[in-house]
Amino acid sequence: MASDSIAITPVAVGARSIGEKIHDWIVTVDHKKLGIMYIVYALIFLVIGGIEATVMRIQLMVPNNHFVSPEVFNQLFTMHGTTMIFFVAMPILFGFANYLVPLMIGARDMAFPRLNAFSFWLTAFGGLLLYFSVFGGNGLYGAGTAPDVGWWAYAPLTAKAFSPGHSSDYWTLSLLVSGFGSIGTGINLIATILCMRCPGMTLGRMPLLAWLNLVMSGMVLITLTPLSAAQIMLLIDRYLGGHFFDTQAGGSAAIWMHFFWIFGHPEVYILIIPCFAFMSEIVPVFSRKPIFGYPVMVGATVCIGFISMSVWAHHMFTIGMSSYANSFFAITSMIVGVPTGIKIFNWIGTMWGGKIQFKTPMLFCIGFLFQFLIAGLTGIMLASAPFDWQLSLSYFVVAHFHYVIVGGILFAIFGAFYYWYPKITGRMLSETLGKMHFWLFLIGFHLTFDFMHIPGLLGMPRRIYTYEAGRGWEAWNMIVTIGVFFQIAAVLVFVWDLVWSFYQGEVAGNDPWDAWTLEWSTASPPPEYNFARIPVVKSRRPLWDAKHPEDPDWKYE
Amino acid sequence: MKCSEQTRNRFTNVAGVAVLLAGFLFAARLSFGARDPSQIPNIFRPDSTPADSIFNLSMLVLSVTGAIFLVVFGLIVYAVLKYGKRAGDDRREPPQVYGSNQIELAWTVIPVLIVLVLFLATARVILSVQDAPKPPGSIEVTAIGHQFWWEFRYPKLGIVTANEVHVPVSDRSHPTPTFLTLLSADTDHSFWVPRLAGKTDLIPNHPNSMWIDPHETGLFLGQCAQYCGVEHALMLLRVYVDSPEQFAEWVQTQKMAAANDNSVEQGRRVFESTGCIDCHAVKGTVANGHFGPDLTHLMSRDTIAAGAAPNTLQNLRNWIQDPDSIKPRSLMPAMKLNDHDLDALVAYLGTLR
Amino acid sequence: MASLIVAESAIFTIFVVAYIFYIGKSLSGPTPAVLTVPIFATICLLSSSVTMHLAVRALRNAKVGSFGFWWFLTLSLGAIFLIATGLEWHKLVFHDGLTISTNLFGTTYYSLVGLHAFHVTVGLIGLVIVMAFTLLGKMTSKYTERVDVFSLYWHFVDAVWVVVFTVVYVIGR
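About the cut-offs
Residues numbered from 1 in each chain as written. Chains lettered and ligands numbered in written order. Predicted model: local features only at pLDDT ≥ 70, side-chain atom pairs only at ≥ 80, totals over all residues. Heavy atoms only, no water. Helix = DSSP H or I, 4+ residues; strand = E, 2+ residues; numbered from the N terminus. Rg over C-alpha atoms; globule rule 2.2 N^0.38 Å. Buried < 20%, exposed > 50% of the residue type's maximum accessible area, 1.4 Å probe, protein only. Contact = heavy atoms within 4.5 Å. Areas by Shrake-Rupley, 256 points an atom, 1.4 Å probe, with all protein chains shown as cover. Pairing = 2+ DSSP bridges. Axes fitted to C-alpha atoms, helices over the stretch in contact; angles between N-to-C directions. Core = buried A, V, L, I, M, F, W, Y, C linked by side-chain atoms within 4.5 Å. Buried area = accessible area lost by both parts, 1.4 Å probe. Polar contact = N/O pair within 3.5 Å; in protein donor to acceptor, adjacent residues only side chain to side chain. 1 Å grid on protein atoms, 1.4 Å probe; cavity = no way out; pocket = protein on both sides within 12 Å on 5 of 7 lines; lining within 4 Å. Points joined across faces, edges and corners; volume = space filled by probe spheres on them. Nonpolar A, V, L, I, M, F, W, Y, C, P; charged D, E, K, R; others polar. Parallel < 35°, antiparallel > 145°, perpendicular 65-115°, else oblique. Left-handed = near helix turned anticlockwise from the far one by under 90°. Salt bridge = Lys/Arg side-chain N within 4 Å of Asp/Glu carboxyl O. pLDDT = per-residue confidence, 0-100. Phe/Tyr/Trp six-rings, centres within 6.5 Å; stacked < 30°, edge-to-face > 60°.

Q: So what's going on with the overall build of chain A? Residues and values would help.
A: Scanning chain A from N- to C-terminus turns up 17 helices and zero strands. Relative to the globule expectation of 24 Å for 557 residues, the C-alpha radius of gyration of chain A, 24 Å, shows essentially globular dimensions. Overall, the C-alpha framework of chain A stretches about 70 × 50 × 45 Å when taken along its three principal axes. Taking all 557 residues of chain A together, the buried fraction comes to 70%. Restricting to contacts in chain A with at least 6 residues of sequence separation, those with at least 24 account for 80%. As displayed, chain A offers around 16500 Å² of accessible surface, 73% of which is attributable to carbon and sulfur atoms.

Q: Please provide a residue-by-residue account of the sheet that holds strand β8 (residues 208–212) of chain B, values included.
A: Strand pairing in a sheet relies on backbone hydrogen bonds. The paired strands run either parallel or antiparallel. Residues and elements named next belong to chain B. Strand order in the open sheet formed by five strands is β3-β2-β1-β5-β8, and the pairing between neighbours is mixed. Edge positions in the open sheet fall to β3 (159–162) and β8, since each of these has one partner strand only. Going across the sheet, the axis of each strand differs from the next one's by a mean of 25°, ignoring polarity. Bridge count for strand β2 (residues 149–154) against β3 is four bridges, and the pairing is antiparallel.

Q: Explain the nonpolar core residue by residue, including any values.
A: Core analysis: the largest hydrophobic core is formed by 286 residues, its most contacted members being Phe96, Trp256, Phe278, Phe368 and Trp420 of chain A together with Trp71 and Tyr109 of chain C. What Trp256 of chain A contacts, discounting residues up to four positions off in sequence, is Trp152, Ala153, Tyr154, Ala155, Trp171, Ala230, Gln231, Leu234 and Phe245 of chain A. If you look at the next biggest cluster of nonpolar residues, it comprises 30 residues, including Phe148, Trp150, Val193 and Trp250 of chain B.

Q: Go over the interface of chain B and chain A, please, and point to the residues and values.
A: On the chain A side, the residues contacting the 103 residues of chain B number 110 residues. Of the roughly 9000 Å² buried between chain B and chain A on both sides combined, carbon and sulfur atoms contribute 70%. In this assembly, chain B and chain A are joined by 35 residue pairs in polar contact (both at pLDDT 80 or more). Contributions of two or more residues to the side of chain B that touches chain A are made by α1 (3–34), α2 (49–82), α3 (101–130), β6 (189–192), β7 (200–202) and β9 (218–224) of chain B. Among the elements that line the side of chain B that touches chain A, the one with the most residues is α2 of chain B, at 16 residues.

Q: Which residues make up empty space enclosed by the protein, and what values do they have?
A: Residue and element names in this part refer to chain A. As enumerated under the stated definition, the model contains five cavities of 30 Å³ or more in all. When its volume is computed, the largest cavity comes out at roughly 80 Å³. What lines the largest cavity is simply Phe86, Met90, Pro91, Phe94, Thr123, Leu175, Ser178, Gly179, Ser182, Leu224, Leu227 and Ser228. For the lining of the largest cavity, the elements supplying multiple residues, two or more each, are α3 (70–104), α5 (167–195) and α6 (208–239). Of the residues contributing to the lining of the largest cavity, the split by class is seven nonpolar, five polar and no charged.

Q: Help me get a handle on the packing of helix α7 (residues 313–321) of chain B against helix α8 (residues 339–349) of chain B, residues and values and all.
A: Residue and element names in this part refer to chain B. Where α7 meets α8, the closest approach of the two axes is 10 Å, and the angle between their N-to-C directions is 130°. The orientation of α7 with respect to α8, classified from their angle, is oblique. The two elements α7 and α8 cross, and the hand of that crossing is right-handed. Facing Leu313, Leu316, Arg317, Ile320 and Gln321 of α7, the residues of α8 in contact are Asp339, Leu342, Asp343, Leu345, Val346 and Leu349.

Q: Break down unusual backbone geometry for me, with residues and values.
A: For the bond from Ala155 of chain A to Pro156 of chain A, the omega torsion is -5°, close enough to zero to count as cis. Here the residue pair Gln147 of chain B and Phe148 of chain B is connected by a cis peptide bond, since its omega of 5° sits within 30 degrees of zero. Residue placement: Phe148 of chain B occurs in the loop between β1 (139–146) and β2.

Q: Explain the interface of chain C and chain A to me, using residue names and the numbers behind them.
A: Listed by partner, the interface residues are 21 residues for chain C and 23 residues for chain A. Across the interface of chain C and chain A, roughly 1900 Å² is buried in total on both sides, 81% from carbon and sulfur atoms. Scanning the region where chain C abuts chain A turns up zero salt bridges. Where chain C touches chain A, the interface holds four residue pairs in polar contact (both at pLDDT 80 or more). Of all the secondary-structure elements, those providing two or more residues to the side of chain C that touches chain A are α1 (2–21) and α4 (104–135) of chain C. The dominant element in the side of chain C that touches chain A, judged by the number of residues it contributes, is α1 of chain C, at 11 residues.

Q: Give a description of the packing of helix α11 (residues 360–383) of chain A against helix α13 (residues 395–425) of chain A that names residues and reports values.
A: Residue and element names in this part refer to chain A. The contact between α11 and α13 brings their axes to 8 Å, and the two run at 160°. Between α11 and α13, the angle is such that the two are roughly antiparallel. Between α11 and α13 the crossing geometry is left-handed. Partitioning the contact of α11 with α13 into residue classes produces 18 nonpolar, nine polar and no charged.

Q: Tell me what's going on with the confidence of the model for chain B, and back it up with residues and numbers.
A: Looking at chain B, the pLDDT average stands at 89 and 90% of residues meet or exceed 70. For this predicted complex, the interface confidence score (ipTM) comes to 0.93, while the overall pTM stands at 0.93.

Q: Now, about the pairing of strand β10 (residues 236–242) of chain B: what can you tell me, with residues and values included?
A: All names here are of chain B. A large share of β10 lies buried, amounting to seven of its seven residues. In β10, alternate side chains face the same way, and those of Leu236, Arg238, Tyr240 and Asp242 on one face and Leu237, Val239 and Val241 on the other are all buried. As defined by bridge partners, strand β4 (residues 164–168) adjoins β10 across five bridges and the pair is classed as parallel. Along β10, the bridge assignment pairs His166 with Tyr240. In the sheet, β9 pairs with β10 via six bridges, with the strands oriented antiparallel. If you follow Gly218 over to β10, its bridge partner there is Val241.

Q: How would you summarise the packing of aromatic side chains if you had to cite specific residues and measurements?
A: All names here are of chain C. Per the counting criterion, the structure on display carries 87 aromatic pairs over all chains. Taken together, a centroid distance of 5.0 Å and an interplanar angle of 80° make the contact between Trp89 and Tyr110 edge-to-face. Note that Trp89 is positioned in helix α3 (residues 64–94) and Tyr110 in helix α4, a separation of 21 residues in sequence. Judged by its relative accessible area of 24%, Trp89 falls in the partly exposed class. Consider the rings of Tyr109 and Tyr110, whose centres lie 5.3 Å apart with planes at 75°: the pair is edge-to-face.

Structure follows, in C-alpha cells:
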C-alpha cells in the first residue's frame, strides 16, 4: 500500500521565475502551502513577540530601572500578549492543522480551499494591522502609539475617556479581522474532518490529531465569537456613543470581563488541544507503541471542550462575585483538571513498556509532560478561589500561564517541527542542533519561569513597569531575566537549523521515523495532489498494518 | 541511544539542577537579606484572619499538589529511565498495548476524589472570608480608587485621607476588624496587601467589600494589582496597623481642621489662587476639590504620590514643579510657579500636619 | 453552513445576554414602553421562511417558474420587514428621542435589532443575486443544493428573529 501512494509520474517542468513562484504562493489554495505560510508567518511574530518580552525583562531586571518609559512598557506587554496568542500560537496551530489534517485522513485538500486561503489572508492582515498601530495609533493621553491596555483590554480603560486616540481601535479591529479568519478555518476543519475522510476511516479510526482538531474547531466557533461580539460592542461604545461598558451611564465594567473570559478561557484550551494532538502522534511513534486508551483520549478531550466553557470566571475571582459564584467556578476549574490529568497518565501509559527513542521530537514531548504537569498543578492552586485571591494578578499567574504556553504549547510545537519538518521539506533537521536547542531552551525556560513564581508569592503584581527596592523581588527578577538569554540562544539555534537543513539536511524519504499514520505513506514533500490513489484503511494505524501484516491493528480494535 | 549518551544526559540533568539550586540559594540570600522580612509582602507570612485562612488552605493545596507531583514525576522519570531503548536492542517492536479499563478507571476516580476534598476545603474558606459578619466594634473605611492614588474615607469618624490608611490592631478575643468598602472613580483597580488579605478589585459602578483584622502592629506594604493605566506601577499602598492608643491619637489629629499658621500666610494665598483648590481639599479653608488627594494632614504621611517618593519638602517641591520627574504621566499637572511662590507654597504645605 | 450558523448563534447570544442584563438599568431616557410590537413585520419575516421552503421545493422538482415566484415573494417579504424596521426606528429616533447613545436601553436595543437587521440585509443581497440569476434564465434544478444551503441561512435569520422578538418585545417590556 505504501508504494501505491507515491507519485507515479513526476512531470518535468521548466524552471519558473521568482516572480511566478511568489505569485503561486500568493494565490494558492493548496492546504500545504497555506499551512507553511501560516507557520512561517507565526515564526516571524514569535521572534517579534520574543523581542518584546526581552525588552520588558531587561526593564524589570533591576528595581527603578529606566530602560524604557512606562508608556512603552505598557505597550510592550499589551503587544506581547496579543501577538503571542493571536499571531503566533493560533496561526502556527492552524498551520499545522491545515497541513496535516487532509494528509492524515487521506484527503486531497480541505473542504473549502478558497475559504482556507481567505482565512489565512484575514489572519495575516490582522497582524499587520495590529503592528501598523506602532506608526498610526495614539495611546493613553495621546502619548505612545501601539495599544497599551493589556491584551484583555478591560473596560473602562478602553473607553474614549481613558484611551483617547486610536491605539485601542487597532487592537479591536485587528482581532476582529483575524477572528473571522479563525472562524473560517474552524468551519473548514469541521467540514473536512466530517466529510472527507478516506474509505474505511470511521470516526473511531481517525488519528487523534484529526479528532482533537475537530474538537478545537468546534470550540473556535463558539469561543471566538463572544470576543467578536464584545469588540463590536466596544466599537459601538467608542464611536457611536453606546453605553455597553460605560459605568457612568449605569453600564457594567464586569460584563466586559465576563464576555472576554468566556472567550479567553476556552481560547487557551483551543491552543493546548492541538498540542495534545502532537503529543498523541509523536509519543506513540517514539515509544514504539500505540497510544494508550484511544477512546478515553477522545472522550477526555470532548469533556475538556465542554467543561472549559464553564470555568471562565476563575479569572475574575477578585472582582467581588458572590460566594456561590466563586464556589461554582472553583469547582468547575478543578474538575477540568481531571480529564486533563487523565491525558497525562495516558501518555505515560503509552511510554510504559515501550522502547523509547530519545530523538529530538521525543525530548520535547518529555519536556512537555513534565512542564504541563507542573502547570496543571499550579492551575489547581489558582482554581482554589481564596488562594487565588492572593495569587491572581501577580507574577505567580504570569509564571503559571507561561508554564503552560511556553513549557507546554511551545515545547509541543518544537516537537512537531522536528517530527514533521522531514515530511514538509523532504529533509531531516539536525539531531545535534536539535538537542542543543532542547537543552538550551530547557535551561532558559526553567531559569525564567520556575523562579518567576516566587515574586508573585512575595506580592509582586503584574503589568508594572518597575518596582521599588526592598520588597524582596530584586534577585528573582534578575534570575528570570538571565534565563531569557538562554532561550534566545536556543531559538537562534533552531532558526539556523530550519534554514540550514532546508538546503543541507539529510534527505528524509517518505517515512524517516517508521511511523504509522497516512501522511508517512506519501512522498516527502507530498505532491500537490497528496496521494496518487486515495488510501483505504482498516484500522487506526494503517501503516502498522502494512508493515506488520502478520499482526495488524484491526484484529484488536 | 547509547549508554554514554544516556550518562551524558543524566550528568547534564544533575548539573542543571545544581545550577538552579545554587541560583535559588543565592537569590534567597540576596532577597531576604535586603530588608526587614516583616515588610516583604509575603503571602506566606499572614497577619490577619483572611490571610491566615488563605494560608492554611494554601498549605493543604500545596501538600496535595506536591504529592501528586511527586507521584506523577516519579512515574515519568521511571518510564524514561526504564523504557529507553538500549544499545544492543533486538529491533523488535515492544508489546502493543492499547489500553486498560481498570487502570483508566482508577486514574479517573482518584483525581475526582482529590478534587472533591480540595473543593470542600476551598468552599469553606470562601464562605468564611466573604460572608463574614461585621462585629459591632469594626472600623469602616471607604476606599476609592483613582488613577493613580487611593482615597480613604472614614465615614463614621469624619476623616478623609489618601494613600496611607491607619487601622487599629485587632485583638483575637475582642476583635476590632476594619471593613473596607471598595469603589472606583475611574477605571478598575485592586487593593492588595498580601500579609493582610487576598486582593479585591475596585470597579466603577460595582461596590465591593473586604475586611482585615491585623494581629500585630506595624507597617504593611501593598499596591494596586489591576492594571489601571500608565502609572499603575506606582500606585502603592501603606497600611499602618496602630495600637489602640496610637489609632485614637491618629483619629484625633485627622479629624481636626488644617493648622492655621500665620507665618505661612503667603503660601496659603498661593495655594488658594493658583488652581490647587480645583483638585485638592484642605479642611477648614476654601479648598474643596475632590479630584486629587485631600491635603489637610499632608505632612502626617510618610510618602507622596501614592508611595512614589518619600514625603520631604524637597520632594514636594519637585512634585509640584515637575510631577513627571517622580511619576511620569500622573494626573498632577506641572504648576509652573516661580521660585518665590513655590518656596512659599511648600512652606505652607509643610505646616499641614 | 451549519458551522457558520453555530458561530453566528454565539454572537447573537452575547448580544441577547447584554440586552437582558441591562433591562431596567437605564439611568434616564426612554424605556421599552415606547416600543410598538412589530406584529406585521414579524408575520412577514416568518412567512418568508415558508415561501423560501416552497421555493426550494419547487426547484428540487425542476419547476423553475414556480421557484422564481416563491423566491420573489420571499425577497419581498424580507424587504418589507426591513422597511418596517426602518420605519420603527424613524419613529423611535425622531419621535421618542431614542438613539444608540441615549441610554443603556438605546444601546442594547439598536445593537441587537440592528445586528439582526444587518443579517437580514446580507440575506436580502443574496436573495437579489439569486433572483437576478433566475431572471436571466440561468437557474436550473442542478443548483438545488446550493440554494438549499443558502436557505438554511435565511431560516436561521428568521429563527434569530423569534428569539430577538421574544426578548425585546415580550420579556423586555
